[in-house]
Amino acid sequence: MCSVRLSCRLSPYSALIPLLHLICSSGGNAGMATAYAAKRLGVRATVFTMDGLPQPVLKKFHELGCQIYIGGPIWDICDKTARQHMAELQQKGENVHYIHPFDSPSVWSGHSTLIHEVREQLDGCKPGAIVTCVGGGGLLAGIALGLRAVGWDDIPIIAMETIGAHSYYEALKEGKPVKLDAVTSIAKTLGAQQVCQEVVHDAKRHTILSRLTDDKTAVHCTWLMLRDHQMLVEPACGATLSPIYQGKLKEYLGDGGDTPIVAVVCGGATVDISTLHGLLAQFEVRTELEESYQLLEFNTKAASNDHDDVTESTNYDVIAQS
C-alpha cells in the first residue's frame with residue numbers, strides 16, 4: 001500500500017522520475033515497499049535496514065534492483081545513517097527523495113486504504129475492534145485515518161507492542177512522544193525508539209487501547225499463525241495476534257469481544273523459516289511440530305531395536321494418524 005500511494009504521489013512529476021533516487025530507512029516492510037515502487041517507476045532506490053536480516057530477505061531487495069545497506073542495530077541509527085547518505089548525495093547534485101517509513105501523511109494515506117478494503121470485504125458490517133501492532137506509528141495512524149474516512153471512528157483500536165519496544169505505551173502515559181533509552185525486543189520492525197506525534201494525537205480522537213506482550217508470546221503466536229493459516233509472519237505480527245490466541249479480547253473489550261474482530265497482520269518481509277526456528281529455540285517454545293518430530297524419532301528407534309524389518313515409512317503413517 002505504501003508503494004501504490006508513492007507511485008500515485010510521484011506520477012505528476014513523471015518528467016523528473018528518470019532522475020529520481022529514493023532513500024528509505026526501514027526495518028524491512030517500508031523498505032520493501034520503496035524498492036517495489038522504485039522498480040515500477042524505473043528509478044533508483046537505496047534502503048538502509050537493520051542488522052540480522054536473513055539472506056533470503058536481502059535477496060528480495062536485490063531482485064527488486066535495490067541497493068541495500070546495513071545501517072545499524074536499531075531503526076533510529078539506520079535513519080540517521082540514511083539521512084547522512086542523502087545529504088552527501090544532495091551535495092553532489094543528485095535528485096534524492098527521502099521516504100520516511102512511518103512519519104509521513106502519504107504513508108498514513110496509503111495505509112488507510114486497508115480500512116476501505118475491510119469495509120468492502122465485510123459488506124459494510126462494522127467490526128468490534130481493529131487489532132494492530134505499533135512501531136513508529138505509521139500503520140496505526142493510517143488505520144485511524146481510514147476509520148474516520150468511512151465513518152467508523154467509534155471502533156476501538158487495540159495497539160499491541162512488545163516489551164522492550166513499547167514507545168507508544170510510554171507516549172500515552174506521558175501524553176507526548178517519549179524516546180526509549182534502548183530497544184531490547186527481538187521484534188525489530190517495532191523498534192522505533194519514539195513514535196510519531198500523529199498517533200499520540202489520534203489517541204485523543206479515537207479509543208486506542210495500548211497493550212503489551214512479551215517476546216516469547218509474540219514468537220509463539222507467529223508459530224500459531226503458520227500452523228493455522230500457513231502464513232509466515234514476523235514477531236511484530238505475533239504481537240498483534242497475541243490477544244486473540246491468548247483469549248484476552250473479552251478482557252480488553254468487554255461485550256465488544258463478541259463481535260467480528262479485524263487483526264491487521266501486516267509483515268513478513270524480514271522473516272524466513274530458519275529465523276522463526278531460531279527464535280522458537282531461543283525462547284524454548286515447544287510446538288506441535290517439534291513434538292511430532294521427537295515422537296517420530298522415538299518410535300523409529302524403538303521399532304528398529306525390536307524389528308529390524310520395520311520401515312521408517314510405517315512410523316510416518318502412525319505419526320500422521322495420531
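Our subject is the structure listed above.
This section reports on the structure supplied with the text. Residue positions are counted from 1 within each chain, in the order its sequence is given. Side-chain atom pairs in this predicted model are given and counted only at pLDDT of 80 or more, local residue features only at pLDDT of at least 70, and totals for whole chains, interfaces and linings cover all residues. Just so you know, side-chain values use all the structure's heavy atoms and leave hydrogens and water out.

Let us look at unusual backbone geometry. Of note, Q230 is a non-glycine position whose phi angle comes to about 55°, a positive value. Think of it this way: any DSSP run of H or I at least four residues long counts as a helix, any run of E at least two long counts as a strand, and we number them from the N terminus. With respect to the secondary-structure elements, Q230 resides in the loop between helix 9 (215-229) and helix 10 (235-245). By relative accessible area, Q230 is classed as exposed at 62%. Here E284, not a glycine, exhibits a phi torsion of approximately 55°, which is positive. Looking at the secondary structure, you find E284 in the loop between helix 12 (273-282) and helix 13 (288-306). Each residue is placed in one exposure class: buried if its accessible area under a 1.4 Å probe, protein chains only, is under 20% of its type's maximum, exposed if it is over 50%, and partly exposed if it falls in between. For E284, a relative accessible area of 66% gives the class exposed.

Turning to the pairing of strand 2 (residues 44-50), a few remarks are in order. The buried count for strand 2 comes to six of seven residues, which makes it a mostly enclosed element. Between any two strands, pairing holds if DSSP finds at least two bridges. The pairing of strand 1 (residues 20-25) with strand 2 spans five bridges and is classified as parallel. Note on strand 2: the bridge partner recorded for C24 is V47. With five bridges joining them, strand 2 and strand 3 (residues 67-72) adopt parallel strand pairing. Directly across from V47, in strand 3, lies its bridge partner I68. The handedness of the strand 2 to strand 3 crossover, carried by helix 3 (residues 55-63), is right-handed. Crossovers are marked right-handed if the path from the first strand over the helix to the second runs clockwise, as seen with the strands pointing away from the viewer.

Two modes of strand pairing occur in sheets, parallel and antiparallel, and in both the strands are linked by backbone hydrogen bonds. Ordered in space as 3-2-1-4, the four strands form an open sheet in which the pairing is parallel. Two strands in the sheet have a free side with no partner beyond their single neighbour: strand 3 and strand 4 (95-99). The average angle at which neighbouring strand axes cross in this sheet is 25°, direction not considered. Relative to strand 4, strand 1 runs parallel, the two sharing five bridges. Directly across from I23, in strand 4, lies its bridge partner Y98. All axes are obtained by fitting lines to C-alpha atoms, using only the stretch in contact for helices, and the reported angles, taken between N-to-C directions, cover 0 to 180 degrees.

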